[in-house]
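# Residue-level structural notes
Each chain is listed here by its residues.
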Amino acid sequence: LAKTTQPISMDSYEGQEVNITCSHNNIATNDYITWYQQFPSQGPRFIIQGYKTKVTNEVASLFIPADRKSSTLSLPRVSLSDTAVYYCLAQSGNTGKLIFGQGTTLQVKP
Amino acid sequence: DVKVTQSSRYLVKRTGEKVFLECVQDMDHENMFWYRQDPGLGLRLIYFSYDVKMKEKGDIPEGYSVSREKKERFSLILESASTNQTSMYLCASKFMAGYMNTEAFFGQGTRLTVV
């Protein structure tokens, strides 16, 4: 399983774009990059997944460079309700295990 | 909607008790997981199961066991509860779909306090 490294915490203000970068230097060919979001007192929920280049959905964008050794989750115009922990995973579906790291705690301020 | 249901939201048990945490999913998922979450330590995998009666240890299996007799149900067992097992426990499930990493669905969590 590819080890991922992401900042422990980040602060932002309402209305700003937030970019959270995840490093996964030993990512394998079959690994996908997946991001989860966790609000206090809730289980994590899936927000976005990609393999290469760029993926966008109604919640976020995910940018993955050609070498795939890192990825960036982009949250446009954050609001207070985006305050959460964001987890980056890099693994393939047939790995079985689903390993989370410590995640990045994003605090959005008014 | 996929639903992962954990039997209790809050639980208080005494040291030495045998504790059962139950998790049920309604989407015929092959994979099921148990995690514990403690402040500053993120989500740590205790055990996971990829089929009925099949299980593998995660990163912190000591003091825990699991049971999966039916596909929809995955139980976490604390053989003899200790105070250091006071934590938030989260159950998750997902499809097994080859290389594609499918979305995992989590329950609401069980906050266990061992006194």
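Before reading on, note that the structure itself is shown above.
Presented here is a report on the structure given in the accompanying data block. This one's a predicted model, so the numbers in the text were calculated from it and none came from an experiment.

### A short note on the state of the cysteines
All names here are of chain B.
- Per the counting criterion, the structure on display carries two disulfides over all chains.
- In this model, C23 is linked to C91 through a disulfide, with the two sulfur atoms separated by 1.9 Å. Sign of the S-S torsion, about -80° for the bond between C23 and C91, identifies this disulfide as left-handed. Of this pair, C23 sits in strand β3 (residues 19-25) while C91 sits in strand β9 (residues 87-94), and the two are 68 residues apart along the sequence.
- When its relative accessible area of 0% is taken as the criterion, C23 is described as buried.

### Comments concerning the pairing of strand β6 (residues 61-64) of chain A
Residue and element names in this part refer to chain A.
- Bridge count between strand β5 (residues 53-56) and β6: four bridges; the pairing is antiparallel. Paired with T53 across the strands is I64, a residue of β6.
- Between the antiparallel neighbours β5 and β6 lie four residues.
- Two strands pair when backbone bridges link them, and β6 and strand β7 (residues 70-75) are joined in this way by three bridges, in the antiparallel orientation. By the bridge assignment for β7, S61 is matched with S74.
- Where β6 folds back on β7, the antiparallel hairpin that results is connected by five residues, among which R68 adopts a positive phi of roughly 60°.

### What to know about the sheet that holds β5 of chain A
Residue and element names in this part refer to chain A.
- An order of β2-β7-β6-β5 is seen for the four strands of this open sheet, with the pairing classed as antiparallel. The open sheet has two free edges, formed respectively by β2 (18-23) and β5, since each of these has just one partner strand. Taken over all neighbouring pairs, the strand axes of this sheet differ in orientation by 15° on average, direction set aside.

### Some points on unusual backbone geometry
All names here are of chain A.
- The phi dihedral of S41 is positive, around 65°, even though this residue is not glycine.
- Looking at the element boundaries, S41 is found in the loop between β3 (32-38) and β4 (45-50).
- Positive phi, close to 60°, is recorded for R68, a residue that is not glycine.
- Residue position: R68 is located in the loop between β6 and β7.

### Here we look at the sheet that holds strand β7 (residues 64-70) of chain B
Residue and element names in this part refer to chain B.
- The strand order across the open sheet formed by four strands is β1-β3-β8-β7, and the pairing between neighbours is antiparallel. Bordering the open sheet on either side are β1 (4-6) and β7, each of which pairs with just one other strand. Mean inter-strand twist for the sheet, computed between neighbouring axes without regard to direction, equals 20°.
- Bridge count between β7 and strand β8 (residues 73-78): five bridges; the pairing is antiparallel. In the strand pairing of β8, S65 is matched with I77.

What counts and what doesn't
- Residues numbered from 1 in each chain as written.
- Chains lettered and ligands numbered in written order.
- Predicted model: local features only at pLDDT ≥ 70, side-chain atom pairs only at ≥ 80, totals over all residues.
- Heavy atoms only, no water.
- Disulfide = S-S within 2.5 Å.
- Helix = DSSP H or I, 4+ residues; strand = E, 2+ residues; numbered from the N terminus.
- Buried < 20%, exposed > 50% of the residue type's maximum accessible area, 1.4 Å probe, protein only.
- Pairing = 2+ DSSP bridges.
- Axes fitted to C-alpha atoms, helices over the stretch in contact; angles between N-to-C directions.

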